[in-house]
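# Analysis of the macromolecular model
What follows is each chain in one-letter form.
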Amino acid sequence: MRKPFVAGNWKMNTDSISSVELVREITQGCRGLAGERVDVAVYPPFVYLAPAVKSMGSGNISVGGQDLYFEQKGAFTGEISAAMLKDIGCVRVLCGHSERRHVIGEGDELINKKVIAAINGGLLPTLCIGELLEQRQAGQTEEVVRRHLNKGLEGLCDERVLAVTIAYEPVWAIGTGLTATPQQAQEVHAFIRGLLGELYNDDVAAELRIQYGGSVKPANAAELMVQADVDGLLVGGASLKAADFIAIIEASAG
Ligand code: PEP
């Protein structure tokens, strides 16, 4: 039985005051649910991570980085390592978010190195995958998702891959207000689970959680979450409002 996992990607938003307030409100608002009926995580900008971890108190949510660099340390100006994230209390990290792929220009090989570095550094990575609008229109969704998954997980054995969460985020649905229908999401999630079975085995495929991301709101969270292969949600815009994010967490807990 896969426990629902809801995460908020704050992207380049909030400031030193609002980030701490947001963590406090979320922590208080999902007491009794977070960690018990649903796993909850937030990904604030790097500079607000340490205060976010502190302001969480005894709350059962986890904090993670939006990205990391694959090297352990050294002359990599501007980069942040897995050890640094771990050092300040982060548990998780996003790898290959579509904005890293399509705005910053990260490729599958770099993303794979980041996934491996995260696991080596004791973090739980979320590998984000998903097709562009033109790829969906050209009937290439499965091909793109297969490539992102194969390359992103390259070199990970059965045991180590269990640290990974997959986030299926169709790029055309991110920040656009266009959500995939529950049926569209389920179709791709089932395809991903099948691929995990091919790459690993049925046990791994049954255990790994696959989140959906792309314009998730309180109004559509429940209908996405009832799909058999949708195990959680990766939420951007709606995770910046505590009330909305809490409503999504509640809807995901069933
Ligand atoms: C995201 O940032 O991963 C995301 C899905 O954003 P939004 O919910 O705003 O579409």
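Our subject in this report is the structure included herewith. Predicted, not measured: the structure shown is a model, and the values here were computed from it.

Counting across every chain of the model gives 14 salt bridges. Across the pair D231 and R2 runs a salt bridge, and its minimum N-O distance is 2.8 Å. Remark: R2 occurs in the segment before β1 (5-9) and D231 occurs in the loop between α11 (218-225) and β8 (232-235); sequence separation between them is 229 residues. For R2, a relative accessible area of 23% translates into the label partly exposed.

Turning our attention to the nonpolar core. Grouped together as the largest cluster of nonpolar side chains are 69 residues, with contacts concentrated most on I26, L153, I192, Y212 and L233. Ignoring sequence-local partners within four residues, the contact set of Y212 consists of Y168, P170, A173, T179, A180, A185, H189, L224, V230, G232, L233 and L234. In this structure, F5, Y43, C128 and A167 belong to the second largest nonpolar core, which totals eight residues.

With that out of the way, let us pick up the side chain of S239. Inspection of the secondary structure puts S239 in the loop between β8 and α12 (242-253). When sequence neighbours within four positions are dropped, the list of residues in contact with S239 reads G8, N9, W10, L22, I26 and F245.

Among the five residues that make up strand β2 (residues 39-43), five are buried, leaving the element largely enclosed by the rest of the structure. Judged by which residues are buried, β2 turns out to be covered on both faces: D39, A41 and Y43 on one side and V40 and V42 on the other are all buried. Considered for its hand, the β-α-β crossover made up of β1, helix α1 (residues 16-29) and β2 is right-handed. Handedness of the β2-helix α2 (residues 49-55)-strand β3 (residues 62-65) crossover: right-handed.

The subject of this paragraph is the site of the ligand. Near the ligand, the surroundings consist of 14 residues, among which K11, E169, G175, S215 and G236 are the closest. Between the ligand and G237, the relevant distance is 2.8 Å, taken from an oxygen atom to a main-chain nitrogen or oxygen of the residue. The fraction of the free accessible surface of the ligand (290 Å²) that becomes covered by protein chains is 95%.

Applying the stated rule across the entire model yields three aromatic pairs. Taken together, a centroid distance of 5.2 Å and an interplanar angle of 45 degrees make the contact between Y69 and F76 tilted. Overall, Y69 belongs to the buried group, its relative accessible area being 18%. Judged by relative accessible area, F76 falls into the partly exposed class, the value being 31%.

Ordered in space as β1-β2-β3-β4-β5-β6-β7-β8, the eight strands form a closed barrel in which the pairing is parallel. Direction aside, the axes of adjacent strands within the sheet are offset by 25 degrees on average. In this sheet, strand β6 (residues 165-168) lies alongside strand β5 (residues 124-129) in parallel orientation, the contact comprising four bridges. Each residue of the ladder has a partner; that of C128, found in β6, is A167. The sheet strands contacting helix α9 (residues 182-199) are β5, β6 and β7 (210-213), and the helix crosses β7 at an angle near 150 degrees. Across the sheet, α12 touches β1, β2 and β8, and the angle it forms with β1 is around 160 degrees.

Reading guide: rules and limits
Residues numbered from 1 in each chain as written. Predicted model: local features only at pLDDT ≥ 70, side-chain atom pairs only at ≥ 80, totals over all residues. Heavy atoms only, no water. Salt bridge = Lys/Arg side-chain N within 4 Å of Asp/Glu carboxyl O. Helix = DSSP H or I, 4+ residues; strand = E, 2+ residues; numbered from the N terminus. Buried < 20%, exposed > 50% of the residue type's maximum accessible area, 1.4 Å probe, protein only. Core = buried A, V, L, I, M, F, W, Y, C linked by side-chain atoms within 4.5 Å. Contact = heavy atoms within 4.5 Å. Right-handed = clockwise from strand over helix to strand, strands pointing away. Near = heavy atom within 4 Å. Polar contact = N/O pair within 3.5 Å; in protein donor to acceptor, adjacent residues only side chain to side chain. Areas by Shrake-Rupley, 256 points an atom, 1.4 Å probe, with all protein chains shown as cover. Phe/Tyr/Trp six-rings, centres within 6.5 Å; stacked < 30°, edge-to-face > 60°. Pairing = 2+ DSSP bridges. Axes fitted to C-alpha atoms, helices over the stretch in contact; angles between N-to-C directions.

Geometric descriptors of this kind do not, in isolation, establish any biological role.
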